[in-house]
Amino acid sequence: MVLTRRSSALQRTFPLFHALIVGDAACIVATCTPQEAAKCGPGNLSALMLAILLDRDPFVPQLIAAQVPLDTTLTHSYSEAQVQKWLAAAQLTDRGLLRFELVAGRSALDIALSLGKAQVASILVAAGAGMQPFLFYRRFAQYKYEAIMLVREQVMQYALAHWWSRGLCGVPATLLGQLALLALQLGHLEHCLTTLQAAAQRSVQLSSAEADAILQQAATKGHVSIALHVAQHSPGIAWDLLARGYITYCPTVAAALFPYLAQRYRQGRFNPPHGGYLRLLVLRALHADQPGAALTVLHAVEAQQLQLQPQEESQQRLQRQPTLSASCLSELLMFASAQDFLDVVLQLLQMGADIWPLLAQLPPTAGFEAMDEFMPPTVAAVLLSQLVERYAAGSLQVSDSKQLALLLRWLCLSNQVVACLMALDIAATRQLFLRADEAATVLKAAAEQGHPALIFHLARQFGLEALWQVLQPSWHPRRNVVYVVMVQLAGQLVTGAMQLNSIRLGQLLETMAMFPEVQFSTALLEAIAQQQVRLTNEGTYEALFTCVELAGSAQLAKVVLTVGAPLSSSQASSLAQRAANSDQSALLELLLTAGAVVDTQLANTVVQSLSLACLTLLLKLGPLPVDRSSVWTKGWIRQYTCPILHLLEEQSVSGSSAQRQQFAAPGSRSTETESHPSSKTLLAQLPTELLLHIMHLAARPLSAWLAMEEDD
């Protein structure tokens, strides 16, 4: 080391530092006094850190003997100006190692671990250095991470063995919490609990970081006794843990910890810093599936509120005991309801929780499926009926028609029709009535759930318009609702008390087509056919499309064609294709009359879909059309020009598959036989003259039949 003015000043001010830098052993021994060892350079750099950085490891025990600070941490990093200036004076700027190791917050033990010096780290631990560097997370360079973890594991095992062998009485008070955490991390649960008990006996209070780490690990890993001990002796840490929403409690710990905390709160030995923490205790208990603990806390809060004198000011009450605010009660009510904790819900309701934020969570157009997300059926069955009872008794304030509609929708979706009608009657006696738009939301719920009694109750106020609303396809009304509503409208229509316009006529016919299983009276169909108004072309097509898609009655389709505007040829042909694909011969015949064209596309659809009834209809009308502009293969000619033979061949293949199915594995299914009817069913659908024609063809040799095809 070349002496300069700066280095001379360093030698005078920090002789021990200077001796370590130049590596003068004699000088190090001479200057290693308690006074010099206690000095720290810029950024809180100690002589111990410098010795480890400069590989002066043999002098570490001597520095420890001189009482060098063991747990000093750096306050500045390598890149900061005052550190750079000092390193330049010490002529250490060429040491690249310092760039990576001089990091603010590191201690001598951190540096020893980072450099992989297990022996030096063990010496520091034995001397009483804090064990935070290997107890808490530290960032290291990725390239040496695995090596550091190996050294860290060695030092941890050494530290536990060293301090445990000396007995807990010989462990410094500052290290008891760290030793307990170390034992827990290494899986020595009995050592951890014993150390915690020793700390409690010596009245040693664990640091917040140590207690927090122990409680968090015990809560997540299932160490019940350890978790309860920390919660008892460090209640503030327990409240801090509750404030963390990302902790997943082990079920065994949750089953013991939350009832324990709840009882201590009830006894006045676990007081929250403020009401927000009390909310967290109840909320975390519910999250951990411990509704009993939550109820214990709520009962204690309720008892405290009852003890308060009415004349006490609100500020005085808050200072006397933290409690749950109205917003907290409402939030807890929503969560308890969604999690199906009925007893907690009823307790919160008794404590004055506002029910309307919970009910308002249901979207205006939501159906029964969305209800479970906010209120499962078990909760709804009890809670909603109680709300109606409270409404009747005057303890539930329904301030406007919007809230009334909200309550009615919940009652309707939960199938509590009697309670719903009761709420409507109570509201009427108090001169509270629904607006038309609000009634529509209730009507929609009643239509989807199938409650005609509620629909007709509202129809008395809003007239026939309410019944027409129920028939909207987008509302997905139930079949029983459609039936009774249609009966009511039919009575009005048959007696002439109601006249239809084009829109209403289309809505009526499309609704009838959407429910083919509902039998409508002939009188109703005749009354519709006699209406003076006509459907638009679009309305006619939509009604017939629904008839075809849902296999509706031909009688209804005939009425639609009677009162509807004529279909175009393309519209009729499109519907005919759909009817042929599902073998609806009666509808196909009506559509052919309405202008559908019998072309090769329709014939192909009939043959390919094995629609025998439709094929019979087409053959009665004459030979199937042939597209002579196309190139046809021999197999396709036979399939198309003699569809009967093709169908029989298809059934022959299906019959063979059915025989093979008898020998298949139990439970297996044949996809071939499911898509075709049996040969007997096919033959039974054919008229007599076609059966005779088939028999005649079957008697001729196949070669003669193929020759006939080629001649054709």
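Residues numbered from 1 in each chain as written. Predicted model: local features only at pLDDT ≥ 70, side-chain atom pairs only at ≥ 80, totals over all residues. Heavy atoms only, no water.

*Asks:* Give a description of helix α19 (residues 275-287) that names residues and reports values.
*Replies:* With 13 residues, α19 should cover 18 Å at 1.5 Å per step; its first-to-last C-alpha distance of 18 Å lies within 8% of that length. Where burial is concerned, most of α19 is hidden: eleven out of the 13 residues are buried. Among all positions of α19, only Gly-275, Tyr-277, Leu-278, Arg-279, Leu-280, Leu-281, Val-282, Leu-283, Arg-284, Ala-285 and Leu-286 are buried. Here the buried face of α19 lies against α17 (235-242), α18 (251-266), α20 (291-307), α22 (326-338) and α23 (342-350). Where α19 terminates, the next one or two residues include Asp-289, which has phi positive at roughly 60°. (Helix = DSSP H or I, 4+ residues; strand = E, 2+ residues; numbered from the N terminus. Expected span 1.5 Å × (residues − 1). Buried < 20%, exposed > 50% of the residue type's maximum accessible area, 1.4 Å probe, protein only. Contact = heavy atoms within 4.5 Å.)

*Asks:* Break down the nonpolar core for me, with residues and values.
*Replies:* Formed by 230 residues in total, the largest nonpolar core has its most connected members in Leu-124, Phe-134, Leu-182, Ile-355, Leu-359, Leu-509 and Met-512. It is helix α27 (residues 401-413) that provides the largest number of residues to this core, a total of nine residues. The residues touching Met-512, leaving out its near neighbours within four places in the chain, are Met-486, Phe-520, Leu-524, Leu-525, Ile-528 and Leu-556. (Core = buried A, V, L, I, M, F, W, Y, C linked by side-chain atoms within 4.5 Å.)

*Asks:* Run through the packing of helix α13 (residues 173-185) against helix α14 (residues 189-201), naming residues and quoting values.
*Replies:* For the pair α13 and α14, the least separation of the axes is 7 Å and the interaxial angle reads 165°. Of the possible angle classes, the one that applies to α13 and α14 is roughly antiparallel. The handedness of the crossing between α13 and α14 comes out as left-handed. Here Leu-176, Leu-179, Ala-180, Ala-183 and Leu-184 of α13 come into contact with α14, specifically with Leu-189, His-191, Cys-192, Thr-195, Leu-196 and Ala-199. A breakdown of the residues in the contact of α13 with α14 according to their chemical character gives nine nonpolar, two polar and no charged. (Axes fitted to C-alpha atoms, helices over the stretch in contact; angles between N-to-C directions. Parallel < 35°, antiparallel > 145°, perpendicular 65-115°, else oblique. Left-handed = near helix turned anticlockwise from the far one by under 90°. Nonpolar A, V, L, I, M, F, W, Y, C, P; charged D, E, K, R; others polar.)

*Asks:* Provide a residue-level description of unusual backbone geometry, including the pertinent values.
*Replies:* Although it is not a glycine, Gln-67 adopts a positive phi angle of roughly 65°. Residue Gln-67 is classed as exposed on the basis of its relative accessible area, which comes to 61%. Unlike most non-glycine residues, Asp-289 shows phi in positive territory, near 60°.

*Asks:* Summarise the side chain of Gln-571; cite the residues concerned and give the values.
*Replies:* Following the sequence through the fold, Gln-571 ends up in helix α37 (residues 569-581). The buried category is assigned to Gln-571, whose relative accessible area is 19%. Side chain to side chain, Gln-571 and Asn-537 meet in a polar contact 2.9 Å long. (Polar contact = N/O pair within 3.5 Å; in protein donor to acceptor, adjacent residues only side chain to side chain.)

*Asks:* Just give me the short version of the packing of helix α35 (residues 537-549) against α37, but keep the residues and values in it.
*Replies:* The geometry of α35 relative to α37 is characterised by a closest axis approach of 9 Å and an angle of 10° between their N-to-C directions. For the element pair α35 / α37, the angle class is roughly parallel. Between α35 and α37, the contacting residues are Asn-537, Tyr-541, Leu-544, Phe-545, Val-548 and Glu-549 on the first element and Gln-571, Ser-574, Leu-575, Arg-578 and Ala-579 on the second. The residue inventory of the contact of α35 with α37, partitioned by class, reads six nonpolar, three polar and two charged.

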